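Understanding the architecture of this molecule
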2 protein chains.
Amino acid sequence: MGGSFAKALRALPDDYRILALDKNPAALERARADGLIDGGFAPQDAPAMLAQCDIVFVCLYPQDSIAFLTRQKSFFKTGAIVTEIAGVKREIVNHLSDILRDDVDFICGHPMAGSEKEGLPHSGAGIFKDKIYIIMPLPSNKRENIEFFKALIRKIGFARVTETNCAVHDHKIAFTSQLCHVIASALVDSAEDTRITEFGGGSYEDLTRIAMINAPLWTELFLANKKELIFHITAFENSIQKIKQFIQENNAPALNAALQNVREKRIAMSKREASAQEA
Amino acid sequence: MGGSFAKALRALPDDYRILALDKNPAALERARADGLIDGGFAPQDAPAMLAQCDIVFVCLYPQDSIAFLTRQKSFFKTGAIVTEIAGVKREIVNHLSDILRDDVDFICGHPMAGSEKEGLPHSGAGIFKDKIYIIMPLPSNKRENIEFFKALIRKIGFARVTETNCAVHDHKIAFTSQLCHVIASALVDSAEDTRITEFGGGSYEDLTRIAMINAPLWTELFLANKKELIFHITAFENSIQKIKQFIQENNAPALNAALQNVREKRIAMSKREASAQEA
């Protein structure tokens, strides 16, 4: 994600000076050789880099993100905007007092974009196209910084910004993102063998693409949002159980009515989506 | 599907004479005006049409397919190849004695292609591209007709033919197709509201596109393949239950191992798929 942000910012007409911090010196060297960044820093040199940064994107796993923000708290530049992109916000909220500084504006955000392929070579601004960026303004945020940040993420390719709070974010994301990854994983887990795609028409492939999952990251995300995720898994299990029962009972009218209802609900989602994209 | 077959055949250099039978006179008129077909027939005129046809694609719902094949049995042209495309074969197999004729070669097939949009305006040869066509040769089939048919479906755009029998087909399709439609439907059913896509990053949209479902068709398919489908729903429920329990118990090592295993299994499916497409 850090690589994708750098590529997207570099592609803008604005003449940003882009500094990067990474534990992998080879990735930094390559990014510098490619003209993608103006300077690369090792983790132990974070203070020297952060002192120069007006905007900081922290692109780490949730726990690492909190640890970094806490450890580097005193090194951010006065007046800087600092944002992180973790997919679950509960723990960020629990640690706000360790993170917030009066003279630094910390913005909670979550770019709803990504790829099952990791690392700098697979990064690119293209993954942001037509995507949604969720931001969760805090009472401490300056409105002009929020507006600046929204404008910036639109400039780097995001189609839309959804503004909400951290609790709503975690509840909704548990459904649209984490539950989907649980389902895709279970659907691959329950496959009898890997030759199943000889019988595939695209549905199975579409439903399981995200099962090429980054296991450590999603383990952390699932556990960090456990309560919300279990709530949605249970609701999903109830829905599948209802459909299963209609099938078991040969109840064609009830099954047909349920599928008709699902069809209309899904079409309504698409229409809402299409009109939002036009707006 | 009938419209897509007609468009794909018309696009070939071969000068096929294409006749169509449909209950909708307006669709036939439009297809004729567009040069897509050379003649259109109402259902009651089936005998007059079938007497002229060397190859017949019956593109109906499963029960209608059996009824049509049984009712028109005596009207097929001697030496004709007759094929149907129903997504479940159990009932076809149960009615073979009502369908088969010594001098007509009946081929069970299932094109693993389609679209959530119905009707002639949404048809097109493009839906066949890179797709799999499953055929289930019967002891009665002439090998040269099977080879001719396989060559024809490759010519109209299918990437590959999977050859199997009807029992294996119904078992595998219950997993790759019907279970996926059940899951997508349950995932829409369990959504709290239609505004959920404001929080979507693509996963939810990808997993539920097929929930824009043709309710009567899929009701029939689910019930026609009830035993196999219930088997796979139960296996899937067990997999999701296993993952849910790891989350509930905060069992990070077991969850991580399960996800890692899923990742490798899904990557193996993709590699198998890629090498099959190269072959």
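Now for a description of the structure that goes with this document.

With that settled, consider the environment of B:Tyr204. Inspection of the secondary structure assignment puts B:Tyr204 in helix H9 (residues 203-208). On the basis of relative accessibility, which here comes to 1%, the residue B:Tyr204 falls in the buried class. Leaving out residues up to four positions away in the same chain, B:Tyr204 has contacts with A:Phe175, A:Thr176, A:Cys180, A:Met269, B:Leu187, B:Val188, B:Ala191 and B:Ile196. Of note is the side chain of B:Tyr204, whose polar atom sits 3.1 Å from the backbone oxygen of B:Leu187.

The next subject is the pattern of salt bridges. Scanning the model with the defined rule gives 34 salt bridges over all chains in all. Taking the shortest distance from any N to any O, the salt bridge between B:Lys129 and B:Asp130 comes out at 3.5 Å. Under the relative-accessibility criterion, B:Lys129 is labelled exposed at 55%. B:Asp206 is paired through a salt bridge with B:Arg209; the nearest N and O atoms lie 3.1 Å apart. Exposure remark for B:Asp206: the relative accessible area of 32% places this residue in the partly exposed category. Taken together, the shared-partner salt bridges connect A:Arg143, A:Glu147, A:Lys150 and A:Glu163 into one network.

Turning our eyes to something else, we now look at helix H10 (residues 215-224) of chain B. Within H10(B), eight of the 10 residues are buried, which leaves the element mostly enclosed by the surrounding structure. Residues B:Ala215, B:Trp218, B:Thr219, B:Glu220, B:Leu221, B:Phe222, B:Leu223 and B:Ala224 constitute the buried set of H10(B).

Turning to the nonpolar core, a few remarks are in order. Judged by nonpolar contacts, the single largest core of 75 residues is most densely connected at A:Phe236, A:Ile247, B:Phe236 and B:Ile247. The greatest single-element share of this core, amounting to 10 residues, is contributed by helix H8 (residues 166-189) of chain A. Ignoring any residue separated from it by four or fewer positions in sequence, one finds A:Phe236 in contact with A:Leu179, A:Ile183, B:Ile183, B:Ala186, B:Leu187, B:Ser190, B:Phe236 and B:Ile240. A:Leu28, A:Ile37, A:Phe149 and A:Ile156 belong to the second largest nonpolar core, which has 28 residues in total.

What follows is about the sheet that holds strand S4 (residues 81-84) of chain B. All names here are of chain B. Taken in spatial order, the five strands of this open sheet run S3-S4-S5-S6-S7, and their pairing is mixed. What marks the edges here is a single partner per strand, and that holds for strand S3 (55-58) and strand S7 (160-163). Taking each pair of neighbouring strands and ignoring which way they run, the sheet shows an average axis angle of 25 degrees. By the bridge criterion, four bridges tie strand S5 (residues 105-111) to strand S6 (residues 132-136) in an arrangement that is antiparallel. By the bridge assignment, Pro 111 is partnered in S6 with Tyr 133. Those strands touched by helix H8 (residues 166-189) are S5 and S6, and its axis lies near 145 degrees from that of S6.

In this section: the sheet that holds strand S5 (residues 105-111) of chain A. Residues and elements named next belong to chain A. Strand order in the open sheet made by the five strands is S3-S4-S5-S6-S7, with mixed pairing throughout. A single partner strand is all that each edge strand has here, and the edge strands are strand S3 (55-58) and strand S7 (160-163). When strand polarity is set aside, the average angle formed by the axes of neighbouring strands in this sheet is 25 degrees. Pairing of strand S6 (residues 132-136) with S7 involves four bridges; the strand directions are parallel. Note on S7: the bridge partner recorded for Tyr 133 is Val 161. Strands in contact with helix H7 (residues 143-155) are S3, strand S4 (81-84), S5, S6 and S7; relative to S6, the strand with the most contacts, it is inclined by about 165 degrees. Its contacts with the sheet place H8 against S5 and S6, and it is angled at close to 145 degrees to S6.

Attention now moves to the packing of aromatic side chains. All chains considered together, the criterion is met by 17 aromatic pairs over all chains. Taken together, a centroid distance of 5.1 Å and an interplanar angle of 45 degrees make the contact between A:Tyr204 and B:Phe175 tilted. One end of the pair, A:Tyr204, is in helix H9 (residues 203-208); the other, B:Phe175, is in helix H8, on a second chain. A ring pair is formed by B:Tyr133 and B:Phe158, whose centres lie 4.8 Å apart and whose planes are at 75 degrees; its orientation type is edge-to-face. Of the two residues, B:Tyr133 sits in strand S6 while B:Phe158 sits in the loop between helix H7 (143-155) and S7, which places them 25 residues apart along the sequence. The pair formed by B:Tyr133 and B:Phe158 is uniform in burial state, with each residue classed as buried.

About the criteria used
- Residues numbered from 1 in each chain as written.
- Chains lettered and ligands numbered in written order.
- Predicted model: local features only at pLDDT ≥ 70, side-chain atom pairs only at ≥ 80, totals over all residues.
- Heavy atoms only, no water.
- Helix = DSSP H or I, 4+ residues; strand = E, 2+ residues; numbered from the N terminus.
- Buried < 20%, exposed > 50% of the residue type's maximum accessible area, 1.4 Å probe, protein only.
- Contact = heavy atoms within 4.5 Å.
- Polar contact = N/O pair within 3.5 Å; in protein donor to acceptor, adjacent residues only side chain to side chain.
- Salt bridge = Lys/Arg side-chain N within 4 Å of Asp/Glu carboxyl O.
- Core = buried A, V, L, I, M, F, W, Y, C linked by side-chain atoms within 4.5 Å.
- Pairing = 2+ DSSP bridges.
- Axes fitted to C-alpha atoms, helices over the stretch in contact; angles between N-to-C directions.
- Phe/Tyr/Trp six-rings, centres within 6.5 Å; stacked < 30°, edge-to-face > 60°.

Any functional reading would require information beyond the geometric quantities listed.
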